[in-house]
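# Structural description and commentary
What follows is the residue order along each chain.
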Amino acid sequence: MKILVSDYIYTPNGFISNQAIAFTETIKNIGTLEKLRHKYPDATIIKTEKNSVLYPGFINTHVHLEFSANKTSLRYGSFMPWLYSVIEHRDDLIKDCDNAMMENQCKEMLHSGITTFGAISSFGNELQVCEKTPQRVVFFNELIGSNAAYADMLYGDFLERLKASQSCEESSRITPAIAIHSPYSVHPIILQKAVTIAKQNELPLSTHFLESKAEREWLESDSGEFREFFEKYFNTSTPVTNIEEFMHAFDTYPTHFTHCTQANKKELDYLANKGHSIAHCPRSNRYLGCRRLKIEELNLPFSVATDGLSSNDSLNIFDELRAALMLHNDIPIQELATRLLQTVTENAADILHLNCGKIAVNKLADFTIVTLPETPKREEEIALWTILHTKKVSQVYIQGEKYV
Ligand code: BEZ
Ligand code: FE2
């Protein structure tokens with residue numbers, strides 16, 4: 001048994017002070033140090049620095065490690081020029097992204113307090129790294145392929161990758177999962193097969209959805225910048241599905257929809273009614289010119305996530321939270337800071353069906369300790385000071401073990 005003591009603890013009921021946590025792999029008790037010491041006389045007591053705040057480990061629900069080599073290769077500013085630049089540089093970016101590079105990015109996330117991440121995997125290249133990393137990884141094997149002629153082959157490859165991730169489940173902190181690339185890039189027949197597998201095996205399911213104006217125009221009226229793209233690369237001028245049909249494919253299984261920046265109220269209400277959730281990636285949306293997601297109007301759970309380095313400049317969750325504070329500039333800042341911390345803890349854990357994200361008895365002992373530069377004068381501002389002042393966290397525990 002270990003006992004962690006810090007000046008403040010972030011709980012579902014707000015910040016509490018002068019308390020400690022007793023834990024093994026899970027949280028056993030919360031109370032004053034005196035009480036816990038008395039109850040567990042043999043426990044190791046770990047004191048944190050003054051002005052430390054103990055949080056549940058943070059969760060980044062959507063990241064692409066395989067694209068970690070991008071720095072100045074891809075074109076930012078607008079979605080379609082970005083996509084053309086991905087096609088142009090994809091082979092080099094994948095080749096340059098070795099295990100050491102991906103391990104570094106896992107470390108970058110760890111030092112920003114991320115104890116769990118959702119890795120969207122196009123090729124399965126990051127599986128070894130995700131097996132080795134101390135963090136929990138929801139390993140989203142991605143299905144892609146709109147052309148019926150190649151769909152079966154791509155589906156077969158997807159099943160192989162899924163199987164490989166399932167074989168690591170026992171020996172690592174990996175949870176196998178499924179990702180659908182997008183409405184425009186996945187044929188409805190293989191889409192339905194993948195959703196059925198997710199449902200039968202209770203695997204987390206995610207998809208990119210309505211990220212760009214071009215995507216919307218293509219799915220709604222076979223027009224816009226995607227028409228030229230599909231004529232050029234796929235010799236077709238008709239999309240394989242439409243917005244309604246695509247959403248309906250997920251009706252019976254709660255899914256994590258990434259971006260949704262171009263979704264209208266009716267579509268968002270539909271997703272909410274079916275129990276779905278959203279991954280909101282503020283910097284990615286800004287860098288690819290994909291509009292601001294109106295989080296103040298959402299009536300479904302959402303997480304804040306980094307996306308990959310193909311559309312971002314870091315995988316540090318605090319960089320993302322600071323960007324979110326700036327992007328959503330009409331929301332009162334204290335209220336937004338509090339809300340943002342919920343999205344990367346409790347909300348994200350619920351979305352990924354994980355028993356973490358909350359400081360409460362029986363939850364997994366995943367902790368992130370942030371040390372503020374001085375004593376907060378007002379308790380109601382701790383969330384904001386945490387986001388503004390943290391580049392690196394001071395300590396990280398996963399399943400009761402210390403990793404930072
Ligand atoms: C496809 O496989 O159909 C596809 C892949 C990437 C972008 C668009 C379509
Ligand atoms: Fe993504």
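Structure's up top.
Attention in this report is confined to the structure presented alongside it. The structure presented is a predicted model; accordingly, all values stated were derived computationally and were not measured.

### Observations regarding the packing of helix H13 (residues 333-343) against helix H15 (residues 382-389)
H15 packs onto H13 with a crossing angle of 75 degrees between their chain directions and a minimal axis gap of 8 Å. In this view, H13 runs roughly perpendicular relative to H15, as classed from their interaxial angle. Side by side, H13 and H15 meet where Ile333, Gln334, Ala337, Thr338, Leu340 and Leu341 of the first sit next to Ala383, Leu384 and Ile387 of the second. Here the contact of H13 with H15 is composed, by residue class, of seven nonpolar, two polar and no charged.

### Observations concerning the coordination of the iron ion (ligand 2)
Coordination of the iron ion (ligand 2) by the protein involves His62 (NE2), His64 (NE2), His208 (NE2) and Asp307 (OD), with metal-donor separations of 2.2 to 2.4 Å. With four donor atoms in place around the iron ion (ligand 2) and angles of 84 to 171 degrees between them, the coordination shape is irregular. Donor residues binding the iron ion (ligand 2) come from one chain and are separated in sequence as H-x1-H-x143-H-x98-D. In this pair, His208 is assigned in strand S10 (residues 205-209) and Asp307 in the loop between strand S13 (302-304) and helix H12 (317-327), connecting sequence segments 99 residues apart.

### Some words on the pattern of salt bridges
Evaluated as defined, the whole model comprises 18 salt bridges. Across the pair Asp157 and Arg161 runs a salt bridge, and its minimum N-O distance is 3.0 Å. Within this pair, Asp157 and its partner Arg161 are both found in helix H5 (residues 148-166), separated by four residues, close to a single helical turn. Since its relative accessible area comes to 10%, Arg161 is described here as buried. Close ionic contact of Arg322 with Asp319 constitutes a salt bridge, the shortest N to O distance being 2.8 Å. With a gap of three residues between them, Arg322 and Asp319 both fall in helix H12, about one helical turn apart. Note on Arg322: relative accessible area 15%, which makes it buried. Judged by its relative accessible area of 24%, Asp319 falls in the partly exposed class. Counted as one network, the salt bridges with shared partners bring together Asp92, Lys95 and Asp96.

Rules used in this analysis
- Residues numbered from 1 in each chain as written.
- Chains lettered and ligands numbered in written order.
- Predicted model: local features only at pLDDT ≥ 70, side-chain atom pairs only at ≥ 80, totals over all residues.
- Heavy atoms only, no water.
- Axes fitted to C-alpha atoms, helices over the stretch in contact; angles between N-to-C directions.
- Helix = DSSP H or I, 4+ residues; strand = E, 2+ residues; numbered from the N terminus.
- Parallel < 35°, antiparallel > 145°, perpendicular 65-115°, else oblique.
- Contact = heavy atoms within 4.5 Å.
- Nonpolar A, V, L, I, M, F, W, Y, C, P; charged D, E, K, R; others polar.
- Donors = N, O, S within 2.8 Å, 3.2 Å for Na, K, Ca; no water.
- Tetrahedral: all angles 85-135°; square planar, octahedral: opposite > 155°, others 65-115°.
- Salt bridge = Lys/Arg side-chain N within 4 Å of Asp/Glu carboxyl O.
- Buried < 20%, exposed > 50% of the residue type's maximum accessible area, 1.4 Å probe, protein only.

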